[in-house]
Amino acid sequence: MRRVVILGATGSIGTSTLEVMALSPERYEAFALVANRSGEALLEACRRHRPRYAVLRDPAAAEELVDLLGREGLEGIEVRSGETAMQEVAAHPEADQVVAGIVGAAGLEPTLAAVRAGKRVLLANKECLVMAGALFMEEARRNGATIIPVDSEHNAIYQVFPPAEARSGVRAIHLTASGGPFRTRLADSLADVTPAEAVAHPNWDMGPKISVDSATMMNKALEVIEAHWLFGIPPDGIEVVVHPESIVHSMVEYLDGSVLAQMGHPDMRTPIAAALSWPQRTESGVMRLDLPAVAQLNFEAPDFERFPALGQAYRALEVGGTAPAILNAANEVAVAAFLDGQLDFPGISRTIAATLDRAIPARADSLNTVRAADVEAREVATEVLSS
């Protein structure tokens with residue numbers, strides 16, 4: 001029985017993880033469920049999975065949850081609140097695995113707490129590695145934590161060669177991208193894109209922020225940075241290929257000409273199940289892949305002009321230091337403005353580019369430096385939006 005802490009239990013990763021766990025109740029126990037302020041959604045998860053701890057970042061939402069649990073007679077669930085409580089359950093000595101599913105920079109501290117406690121961390125939060133990749137991986141090495149990626153692309157690569165294996169024979173890794181909803185849309189019409197259109201991903205069911213990132217291909221841009229730190233591959237050995245069907249989730253190319261790919265339906269329950277049970281396998285609830293029914297797989301080079309986020313990621317990696325943290329912060333501010341109707345779709349990449357030009361990167365030699373860069377970049381991006 002593996003006791004699982006889910007950071008971001010009410011989000012798309014968290015709910016999918018709970019679905020997979022429910023298929024094998026003899027293997028997994030929901031030890032702690034953590035959310036931001038979605039008290040009612042967390043209540044529903046508590047009804048079904050009866051965790052030992054239910055944690056909300058927002059104290060007012062936690063008080064409401066206590067009342068709701070009491071009304072329903074759900075005893076034995078300890079409700080806690082605040083950032084410290086999130087970190088404490090992530091590092092709890094009785095927890096075996098921690099699913100890091102909180103979106104954005106908010107997931108960095110509780111995920112780091114799990115790493116420092118030497119946990120097995122199922123990483124779905126890109127920003128931990130984008131913001132503080134070198135520091136994060138060093139903490140994992142120092143504390144004996146195991147990092148298993150949950151992103152479908154990185155999980156695919158992990159299944160081909162876990163990080164413990166030698167990489168001397170690897171020529172490149174290929175991260176596949178669907179191209180999002182605007183892969184073939186006329187470039188001069190992108191200014192008319194609405195938030196509703198941007199979150200309507202053709203293949204994946206994701207939250208609004210990640211869906212917009214997929215539409216701009218910033219999601220893939222962040223994955224390039226993430227892959228660099230996870231697998232120790234230099235930027236020029238990480239290539240993006242557009243694959244509209246989202247059946248091939250990523251590929252590893254070897255010096256002898258072999259290319260190994262992991263395939264499956266575009267359903268996050270597959271990489272979640274692989275990560276939860278690694279190195280064994282367990283049911284995910286995903287239908288079997290019928291290749292004759294798929295019939296055709298297509299691949300094409302990405303359009304760096306249509307999707308400038310890709311070039312911005314490689315630029316940030318080349319600059320190094322806190323540049324990736326600046327990129328991430330600017331993107332979060334710009335996407336929030338777009339979803340609020342304050343910015344047009346192409347304005348997301350313009351805001352990021354202007355922030356990268358104005359914010360001065362520093363050496364990412366401590367978390368305080370990374371946090372300061374994050375704060376400064378958000379201020380710069382906000383100034384860009386108001387100018």
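For the structure itself, consult the block above.
Structure report, in brief. (Residues numbered from 1 in each chain as written. Predicted model: local features only at pLDDT ≥ 70, side-chain atom pairs only at ≥ 80, totals over all residues. Heavy atoms only, no water.)

## Topic: the overall build of the protein
Alright, step 1. Across its full length, the protein holds 16 helices and 11 strands.
Alright, step 2. In terms of C-alpha radius of gyration, the protein reaches 20 Å, essentially the compact-globule figure of 21 Å for 387 residues.
Alright, step 3. Viewed in the frame of its principal axes, the protein has a C-alpha envelope of about 55 × 50 × 40 Å.
Alright, step 4. Looking at the protein as a whole, 55% of its 387 residues qualify as buried. (Helix = DSSP H or I, 4+ residues; strand = E, 2+ residues; numbered from the N terminus. Rg over C-alpha atoms; globule rule 2.2 N^0.38 Å. Buried < 20%, exposed > 50% of the residue type's maximum accessible area, 1.4 Å probe, protein only.)

## Some remarks on the layout of surface pockets
Alright, step 1. In this structure, the second largest pocket encloses a volume near 410 Å³.
Alright, step 2. Surrounding the second largest pocket, 20 residues form its lining, Gly8, Gly11, Gly101, Ile102 and Val103 being those nearest its centre.
Alright, step 3. Of all the elements in the fold, those that place two or more residues in the lining of the second largest pocket are helix H1 (12-23), strand E2 (28-35) and helix H9 (208-216).
Alright, step 4. A total of 3 residues in the lining of the second largest pocket trace back to one element, the largest contributor, which is H9. (1 Å grid on protein atoms, 1.4 Å probe; cavity = no way out; pocket = protein on both sides within 12 Å on 5 of 7 lines; lining within 4 Å. Points joined across faces, edges and corners; volume = space filled by probe spheres on them.)

## Examining the packing of aromatic side chains
Each aromatic ring pair is specified by the distance between its two centres and by the angle formed by the two planes.
Alright, step 1. Counted by the stated rule, this structure contains 5 aromatic pairs.
Alright, step 2. The interplanar angle of 75 degrees and the centroid separation of 5.2 Å between the aromatic rings of Phe182 and Phe345 together place this pair among those described as edge-to-face. Remark: Phe345 occurs in helix H15 (residues 345-358) and Phe182 occurs in the loop between strand E8 (170-177) and helix H8 (195-198); sequence separation between them is 163 residues. Like Phe182, the residue Phe345 is buried in the burial classification.
Alright, step 3. An angle of 70 degrees between the planes, with centres 5.7 Å apart, marks the rings of Phe338 and Phe345 as edge-to-face. Phe345 shares its class with Phe338; the two are buried.
Alright, step 4. Here the aromatic residues Phe182, Phe338 and Phe345 are joined through ring pairs into a cluster of three or more. (Phe/Tyr/Trp six-rings, centres within 6.5 Å; stacked < 30°, edge-to-face > 60°.)

## Side note on the pairing of strand E4 (residues 78-81)
Alright, step 1. Bridge analysis of strand E3 (residues 53-56) against E4 gives 4 bridges, and the strand direction is parallel. Within the sheet, the bridge partner assigned to Val55 lies in E4 and is Arg80.
Alright, step 2. Handedness of the E3-helix H3 (residues 59-71)-E4 crossover: right-handed. (Pairing = 2+ DSSP bridges. Right-handed = clockwise from strand over helix to strand, strands pointing away.)

## Observations regarding helix H10 (residues 218-231)
Alright, step 1. Given a rise of 1.5 Å per residue, 14 residues ought to cover 20 Å, and the 20 Å separating the end C-alpha atoms of H10 matches this to within 8%.
Alright, step 2. H10 sits mainly inside the fold: 13 of its 14 residues count as buried.
Alright, step 3. In the stretch just after H10, Gly232 is the one whose phi turns positive, near 65 degrees. (Expected span 1.5 Å × (residues − 1).)

## Comments concerning the pairing of strand E9 (residues 238-242)
Put simply, side chains in a regular strand alternate between the two faces of the sheet.
Alright, step 1. Counting buried positions along E9 gives 4 out of 5 residues, so the element sits mostly inside the fold.
Alright, step 2. Relative to E9, E8 runs parallel, the two being bridged by 5 bridges. Pairing of Ala177 across the sheet is with Val242, part of E9.

## A look at the sheet that holds E8
Alright, step 1. On the basis of which strands lie adjacent, the open sheet formed by 4 strands has the order E9-E8-E10-E11 and mixed pairing. Across the chains shown, the open sheet's two edge strands, defined by having one partner strand only, are E9 and strand E11 (259-263). Recorded for the sheet is a direction-independent mean angle of 20 degrees between the axes of neighbouring strands.
Alright, step 2. Here strand E10 (residues 248-254) runs beside E11; their pairing, made up of 5 bridges, is antiparallel. Bridge pairing in E11 links Val248 to Met263.
Alright, step 3. Sheet contacts for helix H7 (residues 152-160): E8, E10 and E11; angle to E10, the most-contacted strand, approximately 45 degrees. (Axes fitted to C-alpha atoms, helices over the stretch in contact; angles between N-to-C directions. Contact = heavy atoms within 4.5 Å.)

## Section: the side chain of Asn155
Alright, step 1. Counting through the fold element by element, Asn155 comes out in helix H7.
Alright, step 2. Within the structure, the side chain of Asn155 is placed 2.7 Å from the side chain of Gln159, a separation counted as a polar contact.
Alright, step 3. Beyond its immediate chain neighbours, meaning those up to four positions away, Asn155 contacts Ile148, Pro149, Val150, Pro271, Ala274 and Ala275. (Polar contact = N/O pair within 3.5 Å; in protein donor to acceptor, adjacent residues only side chain to side chain.)

## A word on helix H2 (residues 39-49)
Alright, step 1. For H2, the complete set of buried residues consists of Gly39, Leu42, Leu43, Ala45 and Cys46. Viewed along the axis of H2, the buried residues span an arc of 165 degrees, placing them on a single side of the element. For H2, the exposed residues set more than 90 degrees away from the buried face come down to Glu40 and Arg48.
Alright, step 2. Considering only its buried residues, H2 is in contact with H1, E2, E3 and H3.
Alright, step 3. Where H2 ends, the next residue or the one after it, Arg50, has phi of about 45 degrees, a positive value. (Arc of directions from axis to C-beta.)

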